[in-house]
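Secondary and tertiary structure notes
Given next are the chains, with one letter for each unit.
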Amino acid sequence: MNTGRRALFVDYDGTISRIAPTPDQAMMSSRAARSLEILSRYIELVCIVSGRGVRDLWNKVGVEGIVYVGNHGVEYLNDGDVEVAPEVAAYRDDVKRVLDHLRAHADAPGLVWDDKYYSASVHYRVAEDTGAARDGLAHALVSAPGVDSLEVFWGKMVLEIRPPVGVHKGYAVRKLVG
């Protein structure tokens, strides 16, 4: 059923910003920011959906009048208020335990540790030896306490650890247009 409502959903990294060696280095151009501002006047819903934490996403973009979805659909920022999917809170300790274990058993030069509270990412794009860094992370995951209660994803030069609650970017999009 077509309700006639127009919406635009974009990701941050690699879509409105270029992929960068580290997450902190990914910057959106002023042209992209201006485009989002203009589009938000003509489209009922303009939304950025990202794996980044929602506050980090806001700090990177900072465009008023659009919706921010972070942490792969777990966090929403709308008009300054953060909403968190309630089912993820129970997994915070497991996420932290796994991340701490990986730091203790697989830390290598160039790894970028990204604790997003409800999820975590370990980027190895700038590791001295990316293959060895990935192998070290994979090996340490086997003995990580609490890892069996979480979802683990290998992305493009990144390891992601998330709660197993069925929340992801696609879920967030469906929720917002539903």
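Higher on the page you've got the structure.
All of the points below concern the structure found in this document.

The rules behind the values
Residues numbered from 1 in each chain as written. Predicted model: local features only at pLDDT ≥ 70, side-chain atom pairs only at ≥ 80, totals over all residues. Heavy atoms only, no water. Salt bridge = Lys/Arg side-chain N within 4 Å of Asp/Glu carboxyl O. Helix = DSSP H or I, 4+ residues; strand = E, 2+ residues; numbered from the N terminus. Buried < 20%, exposed > 50% of the residue type's maximum accessible area, 1.4 Å probe, protein only. Pairing = 2+ DSSP bridges. Axes fitted to C-alpha atoms, helices over the stretch in contact; angles between N-to-C directions. Contact = heavy atoms within 4.5 Å. 1 Å grid on protein atoms, 1.4 Å probe; cavity = no way out; pocket = protein on both sides within 12 Å on 5 of 7 lines; lining within 4 Å. Points joined across faces, edges and corners; volume = space filled by probe spheres on them. Nonpolar A, V, L, I, M, F, W, Y, C, P; charged D, E, K, R; others polar. Patch = residues over 30% accessible without salt bridge, like charges linked within 9 Å, V, L, I, M, F, W, Y side chains within 5 Å. Areas by Shrake-Rupley, 256 points an atom, 1.4 Å probe, with all protein chains shown as cover. Lys, Arg positive; Asp, Glu negative; His and termini not counted. Charge placed at Lys NZ, Arg CZ, Asp CG, Glu CD.

Considerations on the pattern of salt bridges
In the structure shown here, the tally under the stated rule is 9 salt bridges. Between glutamate 44 and arginine 6 there is a salt bridge whose closest N-O contact spans 3.5 Å. Here the residue glutamate 44 occupies a position in the loop between helix H1 (30-42) and strand E2 (45-49), and arginine 6 occupies one in the segment before strand E1 (7-10), the gap between them amounting to 38 residues. According to the relative accessible area criterion, arginine 6 is partly exposed, its value standing at 46%. Residues lysine 96 and aspartate 100 are paired through a salt bridge, measuring 3.0 Å at the closest nitrogen-oxygen approach. Pair noted here: lysine 96 and aspartate 100 are both in helix H3 (residues 92-106), with a separation of 4 residues, about one helical turn. Looking at lysine 96, the relative accessible area reads 37%, which means it is partly exposed. One network of salt bridges, with partners in common, ties together Asp13, Arg52 and Asp56.

A look at the sheet that holds strand E4 (residues 75-78)
Sheet architecture is open: 5 strands sit in the order E1-E2-E3-E4-E5, paired in mixed fashion. For this open sheet the edge positions go to E1 and strand E5 (81-84), each flanked by a neighbour on one side alone. Looking at each pair of strands side by side, their axes are set apart by 20 degrees on average, direction ignored. Against the sheet, helix H2 (residues 54-61) contacts E2, strand E3 (67-70), E4 and E5, and its axis sits at roughly 135 degrees relative to E3.

Side note on the layout of surface pockets
Here the largest pocket is characterised by a volume of approximately 500 Å³. Along the wall of the largest pocket there are 25 residues; nearest its centre are Asp13, Ile19, His123, Val158 and Glu160. Contributing elements (two or more residues each) for the lining of the largest pocket: strand E7 (120-123) and strand E9 (158-162). Among the elements that take part in the lining of the largest pocket, E9 stands out by supplying 3 residues, more than any other. Residue composition of the lining of the largest pocket, grouped by class: 7 nonpolar, 7 polar and 11 charged.

Quick word on the pairing of E2
By the criterion of burial, E2 is predominantly enclosed, with 5 of the 5 residues buried. Side chains Leu45, Cys47 and Val49 of E2 all project onto a buried face; the interleaved residues Val46 and Ile48 project onto the opposite face, where all are buried too. With 4 bridges connecting them, E1 and E2 associate as parallel partners. Bridging across to E2, leucine 8 finds its partner in valine 46.

Brief notes about the environment of glycine 62
Looking at the element boundaries, glycine 62 is found in the loop between H2 and E3. Note: C-alpha distance between glycine 62 and lysine 175 (113 residues apart in sequence) is 23 Å. Dropping the residues within four chain positions of it, glycine 62 is found in contact with Leu57 and Tyr68.

What to know about the pairing of strand E8 (residues 151-155)
Relative to E9, E8 runs antiparallel, the two sharing 5 bridges. Bridge pairing in E9 links tryptophan 154 to leucine 159. With antiparallel pairing between neighbouring strands as the criterion, E8 and E9 make up a hairpin whose turn holds 2 residues, including methionine 157 at a positive phi of roughly 65 degrees.

Focus: a negative patch on the surface
On the surface, Glu64, Asp79, Asp81 and Glu83 cluster together into a negatively charged patch. The residue glutamate 64 is located in the loop between H2 and E3 in this model.

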